[in-house]
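Commentary on secondary and tertiary structure
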Amino acid sequence: MKKTTIIRYIAGAFLLCAVSAGCNKDFLEKKPLTEYEENDVWKDVGLVQAFVNDLYVQMRSGYLEVMLSSMTDESRFIHDYNTSRVVQGNASADDVGAINDFARWDLHYKAIRNCNMFLEKIAEVPLSNEALRTRMTGEVHFMRAWYYHLLVKYYGGVPLITKTFNIKGDEQEILSVKRATFDECIKFITAECDLAAQQLPASYDAVTKGRVTKGAAMALKSRILLFAASKLFNDEKVPNELMGYKSGLQKDRYKLAMDAAKAVMDLNMYSLYQPTDNPVENYTRVFLDRDNPEMIFVKQYDKALLGTSHDLYNGPNGYHNWGGNVPIENFVTGYQMKDGTAFSWSNVAQAKAPYENRDPRFYATILYDGAKWKPRPSDAAEIDSVGVIQTGKYEAANGRDSVWGLDTRNSTIENWNGTYSGYYLRKFMDKNLDAQFFRGNQSWIFIRYAEILLNYAEAAIGYGDDADGRIMLNKVRERAGMPPTTASGDALLAVLKYERRYELAYEEQRFFDARRWRDAETVFNENAFGIEVLGSQIAGHPFVYHVYSIQPRKFNKAKNYLLPIPANEIRKNKNLDQQEDYK
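Within any chain, residue numbers begin from 1 and follow the written order of that chain's sequence. For a predicted model such as this one, the threshold for reporting local features is a pLDDT of at least 70, and the threshold for listing and counting side-chain atom pairs is 80 or more; totals across whole chains, interfaces and linings nevertheless cover every residue. Based on all heavy atoms of the structure, the side-chain values leave hydrogens and waters out of the count.

Here the focus is the overall build of the protein chain. Looking only at helices and strands, the protein chain features 24 helices and ten strands. Taken over the C-alpha trace, the protein chain has a radius of gyration of 25 Å; the compact-globule value for 583 residues is 25 Å, and the two agree within 12%. Over its C-alpha atoms, taken along the principal directions, the protein chain stretches across nearly 80 × 55 × 50 Å. When accessible area is computed with a 1.4 Å probe and restricted to protein chains, residues below 20% of their type maximum are described as buried, those above 50% as exposed, and intermediate ones as partly exposed. Considering the protein chain as a whole, with its 583 residues, one finds that 57% of them fall into the buried category. Only heavy atoms matter for contacts: two residues are in contact if any of them lie within 4.5 Å across the pair. Nonlocal contacts in the protein chain, meaning residues at least 24 apart in sequence, comprise 68% of its contacts between residues at least 6 apart. Only the protein chains shown count as covering a residue, and every accessible area follows the Shrake-Rupley method with a 1.4 Å probe. Put simply, the protein chain shows about 23,600 Å² of open surface, and 50% of that area lies on carbon and sulfur atoms. Within this scheme the basic residues Lys and Arg register as positive and the acidic residues Asp and Glu register as negative, but His and the chain ends are omitted. Note that the charge is assigned to NZ on lysines, CZ on arginines, CG on aspartates and CD on glutamates. Of the charged side chains in the protein chain, 73 are positive and 75 negative; the average position of the first set lies 2 Å away from that of the second. The secondary structure listing takes helices from DSSP runs of H or I that are at least 4 residues long and strands from runs of E that are at least 2 residues long, numbered from the N terminus. Every radius of gyration here is taken over C-alpha atoms, with the globule rule written as 2.2 Å times N^0.38, N being the number of residues.

Structural data, given as structure tokens:
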């Protein structure tokens, strides 16, 4: 390990301490940073804590400029950045396009190496506080499970590296490692979660909050077991044991997933957040109110140090924001009406007023033409003093001219960051923040309680217990202000899929859900659509809406369900077996 790497651990400690409201500062008063070597770390408690802290710092949140949603049927990234290669099914082993920023084979294995190093060295660290040693060990077992669960979700079976290598002495072993089977990977991840849960506290005080807990480890186990029980890894199309199961019963795997979710629920530490009687406000505040009871594992941000740029990246161009990941009509159309029935553009009454009486989560997630948002910046306030989203072209008050909305690509404020779809993202955004100049402090939620309820519901349905699954499903629907479902069988499964799609929208679930259900070959194989809004500034004149294609898309069911093992890794290690469809 290089000295510069040690310095990075110190920097990581600063950040985590800031968001956790405090830390042990004694280690900063030792020798100069430039003098630290690898062996020094395991002699100093402060440096060991910094080493663990860096594992948190390296965790990628969803607040990137390009969101994973834009490689699904949720949104389109308007600046492209090679995202079109992904949605058009053109990934190759040499270049998977923008998805590499998420799959991150090399970076995940670097983090895993650091986990392995810690677990090899922690016993020799001179610690008088054995509770601290136990807690940090639990944190690192969780982190190793976390990084492996990410690799498995993208690649299926991957090499299970559980020790560090000596670069000079272990070259042959390094270059001969093989992929573990999918089953072996799932068992390893769940075992790591179990170890972490045994060693981690249920909660922390204000000084150390933000770290992983017993509940987080159990929740991760719930997630990966549901993933493993899914159709993609349990049907006759599975080509080999690296890419799924070739034996055993899917029903048994659903039972394991069901039990894991139930264990989290039985902790009685988490609940669906409902601070008001307004379902739109409740859903909005889940992602804005810090330390609310729905959060199980989050990445915290402090606007004074490293705030999020989510609002800047995705806000409307009429507010001098970048309009990056814009919701597409494919996603918007799917929102149910408030009474639980489907919306349809072929319904004349609904087509005349498409944004009325929809699922309350729609209003907390999507900025659409006519949505009241927030005050405009000074150079736009004279044109729009109220702060209403304008993504259409409007008949002028004189009845002759046409006026383009402030949030279009023909805006008089900014035109280069305008939406292609007619929508902007509302979810996660702080309407009290002037994102042109300031950053936000919204936490990125890795896991929340609504997911656990939906995990349980899906596993129960898969196991054959519709009644039990329906109860948990309806808890989520009722918090959202939607009527409970009475469906069963395939109809109940369809409601479950609806709930995961719209309750967990833009939370990096859809990319995997559509794949593990084997729905991607249908829903990701359709062009992305937008909405053209033709309106009027004259009272009583109707608005007209046209759905049109904004981006060609294609999903290759023979290749796109799992990512190819990176070609450079195959070239280095001939024992790494490539995905069957990329050979």
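What follows picks up the thread again.
With that out of the way, let us pick up helix H10 (residues 214-229). Taking 1.5 Å per residue as the helical rise, H10 with its 16 residues ought to reach 22 Å, and the 23 Å between its terminal C-alpha atoms agrees with that figure. A large share of H10 lies buried, amounting to 14 of its 16 residues. Expected span of a helix: the number of residues minus one, times 1.5 Å.

As a per-residue measure, pLDDT reflects the predictor's confidence and takes values from 0 up to 100. Looking at the protein chain, pLDDT values average 92 and 93% of them are 70 or higher. Of the regions scoring below 50 in pLDDT, residues 1-36 engages in 64 contacts with residues more than four places distant in sequence or in other chains.

A separate point is the pairing of strand S9 (residues 528-536). Following DSSP output, two strands are said to pair if at least two bridges run between them. Pairing of strand S5 (residues 393-395) with S9, which is carried by three bridges, proceeds in the parallel orientation. Bridging across to S9, Glu395 finds its partner in Ser536.

What makes a salt bridge here is a side-chain nitrogen of Lys or Arg within 4 Å of a carboxyl oxygen of Asp or Glu, nothing more. One pass over the structure, following the stated rule, counts 37 salt bridges. Of the charged contacts in the structure, one is a salt bridge between Asp194 and Lys221, with a shortest N-O distance of 2.9 Å. With Asp194 in helix H9 (residues 182-199) and Lys221 in helix H10, this residue pair connects regions lying 27 residues apart in the sequence. When its relative accessible area of 23% is taken as the criterion, Lys221 is described as partly exposed. Of the charged contacts in the structure, one is a salt bridge between Glu499 and Arg477, with a shortest N-O distance of 2.9 Å. In this pair, Glu499 is assigned in helix H21 (residues 489-503) and Arg477 in helix H20 (residues 466-479), connecting sequence segments 22 residues apart.

It is worth spelling out the packing of aromatic side chains at this point. Between 30 and 60 degrees the pair is tilted, below 30 it is stacked and above 60 it is edge-to-face, where a pair is any two Phe, Tyr or Trp rings, Trp via its six-membered ring, whose centres lie within 6.5 Å. Scanning all chains against the criterion turns up 44 aromatic pairs. Where Tyr109 meets Tyr148, the ring centres are 6.1 Å apart and the plane angle is 85°; that geometry is what we call edge-to-face. Taken together, the residues span a long stretch of sequence, with Tyr109 in helix H6 (residues 105-121) and Tyr148 in helix H7 (residues 130-155) at a distance of 39 residues. Exposure remark for Tyr148: the relative accessible area of 0% places this residue in the buried category. Considering the side-chain rings of Tyr355 and Tyr423, the 6.0 Å spacing of their centres and the 85° angle between planes classify their relative orientation as edge-to-face. Taken together, the residues Tyr355 in the loop between helix H16 (348-352) and helix H17 (360-365) and Tyr423 in the loop between strand S6 (402-404) and strand S7 (424-425) connect sequence positions 68 residues apart. Both residues of the pair, Tyr355 and Tyr423, belong to the buried class.

It is worth spelling out the side chain of Ser230 at this point. Looking at where Ser230 falls in the secondary structure, it is placed in the loop between H10 and helix H11 (250-265). For Ser230, a relative accessible area of 0% translates into the label buried. At 2.9 Å, the side chain of Ser230 and the backbone oxygen of Leu226 are in polar contact. Every residue in contact with Ser230, bar those within four places of it in the chain, is listed here: Gln250, Tyr254 and Arg516. Side-chain atoms alone can form a polar contact between residues adjacent in sequence; in general such a contact is a pair of N or O atoms within 3.5 Å, and within protein one must be able to donate a hydrogen while the other accepts it.

For the rest of this paragraph, the subject is the nonpolar core. Counting residues in each nonpolar core, the largest one holds 158 residues, and the members touching the most others are Ile99, Phe142, Trp146 and Tyr154. Per-element accounting of this core gives the leading share, 14 residues, to H7. When neighbours within four sequence positions are excluded, Tyr154 is seen to be in contact with Leu68, Ile99, Phe102, Ala103, Phe511, Phe512, Leu562 and Leu563. Only buried residues count toward a nonpolar core, which is a set of Ala, Val, Leu, Ile, Met, Phe, Trp, Tyr and Cys residues joined through side-chain atoms within 4.5 Å.

On to the packing of H11 against helix H19 (residues 449-463), then. Between two packed helices, what matters for the description is the angle formed by their axes and the separation of those axes. Note on geometry: axes are C-alpha line fits, over the in-contact stretch for helices, and angles between N-to-C directions span 0 to 180 degrees. Closest axis-to-axis distance for the H11/H19 pair is 8 Å, and the angle between their directions is 150°. When the axis of H11 is compared with that of H19, the two are roughly antiparallel. The handedness of the crossing between H11 and H19 is left-handed. Residues Lys251, Tyr254, Lys255, Ala257, Met258, Ala261, Lys262, Val264 and Met265 of H11 form the contact with H19, whose participating residues are Tyr449, Ile452, Leu453, Asn455, Tyr456, Glu458, Ala459, Ala460, Gly462 and Tyr463. For this classification, the nonpolar set comprises Ala, Val, Leu, Ile, Met, Phe, Trp, Tyr, Cys and Pro, the charged set comprises Asp, Glu, Lys and Arg, and every other residue, Gly included, is treated as polar. Here the contact of H11 with H19 is composed, by residue class, of 13 nonpolar, two polar and four charged. We call two directions roughly parallel when the angle between them is under 35 degrees, roughly antiparallel when it is over 145, roughly perpendicular when it lies between 65 and 115, and oblique otherwise. Two helices that cross are described as forming a left-handed crossing if the nearer one is turned anticlockwise from the farther one by less than a right angle, and a right-handed crossing if clockwise.

Our focus in this paragraph is the packing of H7 against H10. Put simply, H7 and H10 touch, their axes get as near as 11 Å, and they point 20° apart. Considered as vectors, H7 and H10 are oriented roughly parallel to each other. Like other packed secondary-structure pairs, H7 and H10 cross with a definite hand, here left-handed. Across from Phe142, Ala145, Trp146, His149, Val152 and Lys153 in H7, the residues of H10 making contact are Ala216, Ala217, Leu220, Arg223, Ile224 and Phe227. Of the residues belonging to the contact of H7 with H10, the class tally is nine nonpolar, one polar and two charged.

On to the sheet that holds strand S10 (residues 544-551). In spatial order, the strands read S6-S5-S9-S10; together these four strands make up an open sheet with mixed pairing. Across the chains shown, the open sheet's two edge strands, defined by having one partner strand only, are S6 and S10. Within this sheet the neighbouring strands show an average axis-to-axis angle of 25°, counted without direction.

Moving on, we get to the side chain of Lys299. In this structure, Lys299 sits in strand S2 (residues 295-299). A polar contact of 2.9 Å, which involves the side chain of Lys299, links it to the backbone oxygen of Val57. Setting aside chain neighbours within four positions, we find Lys299 in contact with Tyr56, Val57, Met59, Ser61, Ser443, Trp444 and Phe446.

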